[in-house]
Amino acid sequence: MLTKPKSATIDDDSLEFTSSWFHQTHRYQKVTSLDHAFNLFDEMTHRRPLPSVIKFNQLLSALTKLNHFSSSLHLFKQMCVVGVPVDAYSMNIAIKCCCQMSRTNNDGFALLACCFRRALVPNVFTFSTLLDGLIREDRILEAERLFKKLIKHRLCEPNVVTYNTMIKGLCKFGNNDIAIALLRLMDERGCKPDIYAYNTIIDSLCKDKMIEDAFKLFNEMVFHKGIQPNVITYTSLIHGLCNLCRWDDVSKLLKEMEEDLRISPDLKTFSLLVDAFCKEGRVDEAEVVIDIMVERGEVPNIVTYSSLIDGYCLRGEMTKAKLIFDSLTSKGLVPNVVTYNCLVNGYCKSLKIEEAMHLFHEITRKGLKPSIVTYSTILQGLFRVGRCGDARKLFDEMRAHGHIPDECTYRIILDGLCNNNQVEEAFSLFHMVGDSKLNSHIVVYNILIEGASKCRKLDIAKALFHDITLKGLQPNVRTFNIMISGLCRECQLKEAKGMFLKMDESGCPPDSVTYNVLLQGYLMNKHFDDVEMLLHEMDGRGYSLDASTLSLLIHQMAAGSLDKSMVQLIGRLVPKESGRN
């Protein structure tokens, strides 16, 4: 006969033990500060016997979640010193800390080797963390090699996090095709791609203006994989369409997003719409977007208002821009360096350099640090108003504060010196920089060639043009236009024509500017033989005459130097806007 089982009961001793165990476990996970963690660790290391490695791991994990990576790694080393038998979980935390501190290549992999020495088997989390660390440090080729090694040597089977980490890295460097190939491999190996994988690639394609490919992947995700898009997906697509000024498609996508799928735009969606409208000078529409945001309970942040300020600055409406800037504190917002940079740029473009300098000094007074963008903007402003001495002082100050000039700053200085007839100083800087990366772009040569040409130093301009190919660079259409302009200025029309004819052979066909520059050279030097031929070529290529060329043509025709039968041809080359005027 079966007896009825007794009902399970919990006596007082069991309840006390359970409560004590829960309290002890909970205290290792709930670390409130760095001092709290160190005190707890000190207490644990003085216990005999030592607490289990699980308790130590809980403490390390809690500290890592607070982003105290250096301290967490220090405690891990102390664990090893006092003889705590660290396990794979401890090693993973230590490896993560190294990776977060950009110490993947040395310390992270040294700990991996330590795993093997201790007979601790690294798992998929270990390798995913190392891959993430390499990508953080822009070591994408090493990350690719490690990933291939995982599969080839079957060190572990990559999971969705591993694949997503690699996809993120590939997209970071614009390797969209390889990222898509990895998406396919992921599927083939039985690891279903998730929304994160698709969103990452879609966003990268949109940033590279490959919007059709982005929509193709979007349709695959929704209709073939059954993965529902979220606000991040739509925000990326809207951003891509905004970059291409496809405003009708933006409206359709917003409607589909909200009305069909009930997905509400978030702060990022609204902010990028504000930014896109402002970049196009459509600040009134940007203001409407902000009003809608507020109505829907989305509070515009400093990014939103920085874009709006930038929009007014780009239109030269500095009074309105400053008004919004001054209202930020009443909205509970604190301007950051980007906000200041927008306003500084606006003042510099309006040639209000004193106001720009006042803001520049305010940045440091507010406890902020001017960025390389701030310095570059002010330098450009100073050069524009001819204050080269002040620009030089600011450049020295910038370097003293540890800012290394980037390519943009370097070009601003070269251009500023050339525009202020200080070409020799520009060349001195160019030669001092030598073969560094700063001199490895055609833009630098264009600046110097133009500077030399305008100062009637055509021999130097020619020598620089010759050096371009020796440096492994290719002249672009602007390079040719500058050279043709310089040759025409020095009445060297035969050479100008030769360079013009050479453009198509060099794979750099002339543009509308080229034709206008050469025509102006011919007309000003009273060389009329090739004028009609050039006008016919322009007509065939669909190019237009600019105001200066048109004025010269009319003048020469009135003087009887050109055949009046060309009137109809010239009429076809006048831009429609000019024709209406």
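So, how was this worked out
- Residues numbered from 1 in each chain as written.
- Predicted model: local features only at pLDDT ≥ 70, side-chain atom pairs only at ≥ 80, totals over all residues.
- Heavy atoms only, no water.
- Helix = DSSP H or I, 4+ residues; strand = E, 2+ residues; numbered from the N terminus.
- Rg over C-alpha atoms; globule rule 2.2 N^0.38 Å.
- Buried < 20%, exposed > 50% of the residue type's maximum accessible area, 1.4 Å probe, protein only.
- Contact = heavy atoms within 4.5 Å.
- Lys, Arg positive; Asp, Glu negative; His and termini not counted.
- Charge placed at Lys NZ, Arg CZ, Asp CG, Glu CD.
- Phe/Tyr/Trp six-rings, centres within 6.5 Å; stacked < 30°, edge-to-face > 60°.
- Salt bridge = Lys/Arg side-chain N within 4 Å of Asp/Glu carboxyl O.
- Axes fitted to C-alpha atoms, helices over the stretch in contact; angles between N-to-C directions.
- Parallel < 35°, antiparallel > 145°, perpendicular 65-115°, else oblique.
- Left-handed = near helix turned anticlockwise from the far one by under 90°.
- Arc of directions from axis to C-beta.
- pLDDT = per-residue confidence, 0-100.
- Nonpolar A, V, L, I, M, F, W, Y, C, P; charged D, E, K, R; others polar.
- Polar contact = N/O pair within 3.5 Å; in protein donor to acceptor, adjacent residues only side chain to side chain.

Here we come to the overall build of the chain. Counting its secondary structure elements, the chain contains 33 helices and 0 strands. In terms of overall size, the chain is more extended than a compact globule, its C-alpha atoms giving a radius of gyration of 33 Å where 581 residues would be expected to give roughly 25 Å. Across its three principal directions, the C-alpha atoms of the chain cover 130 × 60 × 55 Å. Expressed as a percentage of the 581 residues in the chain, the buried residues total 45%. For the chain, the proportion of contacts with a sequence separation of at least 24, taken over those separated by at least 6, is 60%. With 69 positive and 70 negative side-chain charges, the chain shows a spacing of 4 Å between the two charge centroids.

So, about the packing of aromatic side chains. Inspection of every chain in the model, using the stated rule, returns 11 aromatic pairs. Seen in terms of ring centroids, Phe147 and Tyr163 are 5.6 Å apart; in terms of plane orientation they differ by 70°. Their pairing is edge-to-face. Here the residue Phe147 occupies a position in helix H8 (residues 140–152), and Tyr163 occupies one in helix H9 (residues 160–172), the gap between them amounting to 16 residues. For the residue pair Phe147 and Tyr163, the accessibility class agrees, reading buried in each case. Taking the centre distance of 5.0 Å and the plane angle of 15° together, the rings of Trp247 and Phe277 count as stacked. Taken as a pair, Trp247 in helix H14 (residues 247–260) and Phe277 in helix H15 (residues 267–279) lie far apart in primary sequence, 30 residues in all.

A complete count under the given rule lists 31 salt bridges for this structure. One salt bridge in this structure joins Arg103 and Asp107, with 2.7 Å as the shortest N-O distance. Overall, the relative accessible area of 29% leaves Asp107 in the partly exposed class. Each of Asp132, Arg136 and Lys168 takes part in one network of salt bridges that share partners.

Axis separation between helix H11 (residues 195–207) and helix H12 (residues 211–224) bottoms out at 8 Å; the angle between their running directions is 165°. Comparing their axes, H12 and H11 come out roughly antiparallel. In this structure, H11 meets H12 at a crossing whose hand is left-handed. Note on element contacts: H12 touches H11 through Ile211, Asp213, Ala214, Leu217, Phe218, Glu220 and Met221, opposite Ile195, Tyr198, Ile201, Ile202, Leu205 and Cys206.

Inspection of the secondary structure assignment puts Ser61 in helix H3 (residues 53–65). Residues in contact with Ser61, not counting those within four places in the same chain, are Tyr89 and Ile93.

Attention now moves to helix H24 (residues 423–433). For H24, every residue scored as buried is listed here: Val423, Ala426, Phe427, Leu429, Phe430 and Val433. The buried residues of H24 occupy an angular sector of 160° when projected down its axis, which confines them to one face. Of the exposed residues in H24, the ones pointing more than 90 degrees away from its buried face are Glu424, His431 and Met432. Elements that come into contact with the buried residues of H24 comprise helix H23 (407–419), helix H25 (442–454) and helix H26 (458–470). The first or second residue beyond H24 is Gly434, which carries a positive phi of 65°.

This brings us to the confidence of the model for the chain. For residues with low pLDDT, the predicted coordinates do not support detailed interpretation. Chain-level pLDDT for the chain is 91 on average; 94% of the residues reach the 70-or-more range. Low pLDDT (under 50) marks residues 1–10, which in the prediction has 1 contact with non-local residues, meaning those over four places away or in another chain. In the predicted structure, residues 14–23 sits below a pLDDT of 50 and forms 1 contact with residues beyond four places in sequence or in another chain.

The subject of this paragraph is the environment of Glu287. Here Glu287 is to be found in helix H16 (residues 283–295). For the pair Glu287 and Val274, spaced 13 residues apart in sequence, the C-alpha separation works out to 7.6 Å.

The next subject is the environment of Lys322. Tracing the backbone through its elements, the reader meets Lys322 in helix H18 (residues 318–327). Using a relative accessible area of 27% as the deciding quantity, one classes Lys322 as partly exposed. With 10 residues separating them in the primary sequence, Lys322 and Tyr312 have C-alpha atoms 9.1 Å apart. Here Lys322 is in contact with Leu343 and Tyr347, once residues within four sequence places are set aside.

Relative orientation of the contacting elements helix H5 (residues 88–100) and helix H6 (residues 104–117) amounts to 170°, with a least axis distance of 8 Å. The angle between H5 and H6 places the two elements in the roughly antiparallel class. Residues Met91, Ala94, Ile95, Cys98 and Cys99 of H5 touch H6, and the partners they reach there are Thr104, Asp107, Gly108, Leu111, Leu112, Cys114 and Cys115. Within the contact of H5 with H6, the residues separate by chemical class into 9 nonpolar, 2 polar and 1 charged.

Mapped onto the elements of the fold, Asn341 is located in helix H19 (residues 337–349). Of the polar contacts made by the side chain of Asn341, one reaches the side chain of Thr374; its length is 2.6 Å. Beyond its immediate chain neighbours, meaning those up to four positions away, Asn341 contacts Ser371, Val373 and Thr374.

So, on to the environment of Ser307. Looking at the element boundaries, Ser307 is found in helix H17 (residues 302–314). Once you skip the residues sitting within four places of it in the chain, Ser307 turns out to touch Val274, Asp275 and Cys278.

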